[in-house]
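Letter by letter, the chains look like this.
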Amino acid sequence: MAAADRFYIATPIFYVNDVPHIGHAYTEVAADVLARWHRQSGVDTWSLTGTDEHGQKILRTAVANGVTPQEWADKLVESAWKPLLDTIDIANDDFIRTTEPRHEKVVQQFLQKLYDTGFITEGEYEGYYCVGCEEYKQADDLVPGAGEFVGQQVCAIHGRPIEVLKEKNYFFALSTFQQKLLDLYESQPDFIQPPSLRNEIMSFVRRGLDDLSISRQSFDWGVRIPWDDSHVTYVWFDALLNYISAIGWGSDDENFSRRWPAVQLVGKDIARFHAVIWPAMLMAADLQPPARVFGHGWLLVGGEKMSKSKLTGIAPHQITDVFGSDAFRYYFMSAINFGQDGSFSWEDLAARYQAELANGFGNLASRVIAMVGKYCDGVVPASGEATDAERGIQKTVADAVVAAQRAIDTFAIHDAIAAVWTIVDELNGYITLQEPWKVAKDPALEERLHTILYTAAEGLRALAVLLSPVTPQAAQKLWVALGAEGALGGLREQSIPSAGTWGQLPAGTQTQPLEALFPRIEAE
Ligand SMILES: [Zn+2]
C-alpha cells in the first residue's frame, strides 16, 4: 500500500486515435480533484496523465489521413489532448507520451528483463482480434452483430466485426500468475474498487488465465522487441508501462521508490488490463503492484455509453464554453456517484448550475462580500460573543471537513462535495434567519451585526479552501475577494485538514468586490 504521506495517481493514457470527448474529461477531472485534495492536505502528491500512441488503429488512421503515425500522434496531442487539460483546468505534474524515448527505453528494458527470467517465451497464436480494442477476444467476448453486421459476430464494446489473426508471437506467462493475483485480491480487499468490479475481476481470474500474446509482426508501429526486431510490442503491454516509465523506473531509482505504487483510476471497461495484466507484469519484474485500481462508471447519454463512434460524443469545450470549467468539474463530480454509471443531460447540468452554483454558492459569496462592503466599509469585522447559531455554523464546518476527508479516502468524491455543501446550505439558512440587513438598522446591535458578518465571512474562508480542488477558479476569486491572499497567503497553500479550525480569517482584513462567480446563463 502507498504510505499515507504520499499519493501518486495516474489516469489511463488516452489513445490518440481521435479527439477527446467528455468521458475522457470525466476521468481527468476525477484524478485532478483527488490529486489537488491530497496536495492541499500536505501529502507528497504526483499526478500523471498522457497519451497512448502506438498500435494498428493509430497506424490505420494515420494512413487514412495521409500522414505518418508519428505526425498523426503529434498533431492530435498538440491540437486536442494537451488543450483538453486547459479546457477543464487540470493541474497534472507530468504528461507522458508512449513515443517518447524515456518511455520506449523502459519498455525494451522491461521486456528484456522478463525474457531473461523466462516470463516471456515464443509461441504461435491464432485468435479473434478487435482492432478497436487492440485486443484478442474470446468467443464469449463477442455478440451477434446488428444493422449492417447482422449475421456476424462482433466486439461487444465496439459493435464491429472482429478479425482472425494468426501470428508467431511472444507470450507473457500470465497464466502462472492466477493464484498470486487471487492472493493479492484476498489480502488487499480494497485493491480493486468498487466492490462490484472486484467481484467481476475475481471471478474472471478464477476461471483461469491464458498466456498473453505481447508482440505483433503484421505491422511495425510500436516499440521493437529488443531481441527480435521483426516484432513490435503489443500496444497494451507497451502502454501499461507508462505508469513506471514516467517516474523513472530503470533510470531514477530514488524518484521511482518515492512515487511507486500508484493509485490507478480507470474506466471499468479497461479494468482487466489494470487489475489483472498490469499487476502480473509487475510481479514478474519483482515490483510492487499498484496501490489500488479504481474503476469508475460510464457516462451515459440517452442511455448509451458515451463514445465518438456512437455519435454521442460531446466535446468538453462545448460545455465549458457555456458554463465554464468549474461548472464542468463540479457537475460531473457531484451529480454522479463516483464508481457508478451516470447520465449526462444538458437540462440537468443547466438546472444544477443555476440552483447549486449560481443561487447556492455564488449568491452566498456575493451577498456576504457585499454586506461586509456596505456595513463595514469592506473590512472584516471582529466577532462579538457567539450564540448557538454561530456555534452551529462552526460545528457544521468542522464536521464537513471530517466527513469530506473520510469520503475522499474511499474515492467517494460525490460524498465529499455533498459534505462541503452542507456549509453552503447552513450558511444560507443562517443569513436568512439572522437577517443582518435588519440588524444593521439598529446602531445598538452593531456588535451583533459584526458577529453575523464575521461568521459568514469565516465560513466562506473555509468553503474556499474546501472547494479549491473542485472549483479552483471560483475558490481563488472568492479567496481574493475575502482579502485572504493578503491576510493568510495563497489559497493553494492552505491545508484542507485544518480548514475547519475556526477563526483563521483575521478581523481587519480588507475585502475586495466580488464579481458573480457563476453568472446567469442566457437560455439558448
Ligand atoms: Zn472492440
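Residue positions are given per chain, counting from 1 as you read along its sequence in written order. Only residues with pLDDT of at least 70 get local features here, since the model is predicted, and only at 80 or more are side-chain atom pairs given and counted; chain-wide, interface and lining totals rely on the full set of residues. Water and hydrogen atoms play no part in the side-chain values, which are based on all heavy atoms of the structure.

1. Observations regarding the packing of helix H5 (residues 178-187) against helix H10 (residues 271-284)
Reasoning step 1: A fitted line through C-alpha atoms represents every axis, and for helices the fit uses only the stretch in contact; the resulting angles, taken between N-to-C directions, go from 0 to 180 degrees. Numbering of helices and strands starts at the N terminus; helices are DSSP runs of H or I of at least 4 residues and strands are runs of E of at least 2. At a closest axis distance of 10 Å, the pairing of H5 and H10 adopts a crossing angle of 110 degrees. By the angle between their directions, the pair H5 and H10 is classed as roughly perpendicular. Here Lys180, Leu181, Leu184 and Tyr185 of H5 come into contact with H10, specifically with Ala275, Val276, Pro279, Ala280 and Met283.
Reasoning step 2: Nonpolar residues are Ala, Val, Leu, Ile, Met, Phe, Trp, Tyr, Cys and Pro. Charged residues are Asp, Glu, Lys and Arg, and all others, Gly as well, are polar. Residues that form the contact of H5 with H10 fall into these classes: eight nonpolar, no polar and one charged. Each angle receives one of four descriptions, namely roughly parallel if under 35 degrees, roughly antiparallel if over 145, roughly perpendicular if within 65 to 115, and oblique otherwise. Residue contacts are defined here by distance: any two heavy atoms, one from each residue, within 4.5 Å place the two residues in contact.

2. Quick word on the environment of Glu200
Reasoning step 1: With respect to the helices and strands, the residue Glu200 is situated in helix H6 (residues 195-206).
Reasoning step 2: Relative accessible area decides the class of each residue, using a 1.4 Å probe on protein chains only: under 20% of the type maximum gives buried, over 50% gives exposed, and in between gives partly exposed. On the accessibility criterion, Glu200 (45% relative accessible area) is partly exposed.
Reasoning step 3: Note: C-alpha distance between Glu200 and Arg272 (72 residues apart in sequence) is 9.4 Å.

3. Thoughts on the coordination of the zinc ion
Reasoning step 1: Within the protein, the zinc ion binds to Cys130 (SG), Cys133 (SG), Cys155 (SG) and His158 (ND1); these donor distances fall in the range 2.1 to 2.3 Å.
Reasoning step 2: Between the four donor atoms coordinating the zinc ion, the angles at the centre fall across 96 to 114 degrees, so the site counts as tetrahedral. Note on donors: an N, O or S atom is included if it sits within 2.8 Å of the metal, or within 3.2 Å for Na, K and Ca, and water is never included, so sites can look incomplete. Only two sets of limits are used to name each site, 85 to 135 degrees for every angle of a tetrahedral four-donor site, and over 155 degrees for opposite donors with all other angles from 65 to 115 for a square planar four-donor or octahedral six-donor site, with any other site named irregular.

4. Some remarks on the pattern of salt bridges
Reasoning step 1: Only one rule defines a salt bridge in this text: a Lys or Arg side-chain nitrogen within 4 Å of an Asp or Glu carboxyl oxygen. This structure, assessed with the given rule, holds 25 salt bridges.
Reasoning step 2: Arg60 is paired through a salt bridge with Glu163; the nearest N and O atoms lie 3.3 Å apart. Taken together, the positions of Arg60 in helix H2 (residues 56-64) and Glu163 in strand S9 (residues 163-172) put the pair 103 residues apart, joining distant regions of the chain.
Reasoning step 3: In this structure, Glu135 and Lys137 form a salt bridge, with 3.0 Å as the shortest nitrogen-oxygen distance.
Reasoning step 4: By relative accessible area, Glu135 is classed as partly exposed at 22%.

5. A closer look at the sheet that holds strand S6 (residues 135-137)
Reasoning step 1: Criterion used throughout: strands pair if DSSP finds at least two bridges between them. The antiparallel open sheet is built from four strands, whose spatial order is S6-S5-S9-S11. Looking along the sheet, the strands with just one partner apiece sit at the ends: S6 and strand S11 (212-213).
Reasoning step 2: Bridging between S9 and S11 involves two bridges; their strand directions are antiparallel. Across the sheet, Phe171 pairs through a bridge with Ser213, a residue of S11.
Reasoning step 3: Strand contacts of H10: S6, S9 and S11, with the helix running at about 30 degrees to S9, the strand carrying the most contacts.

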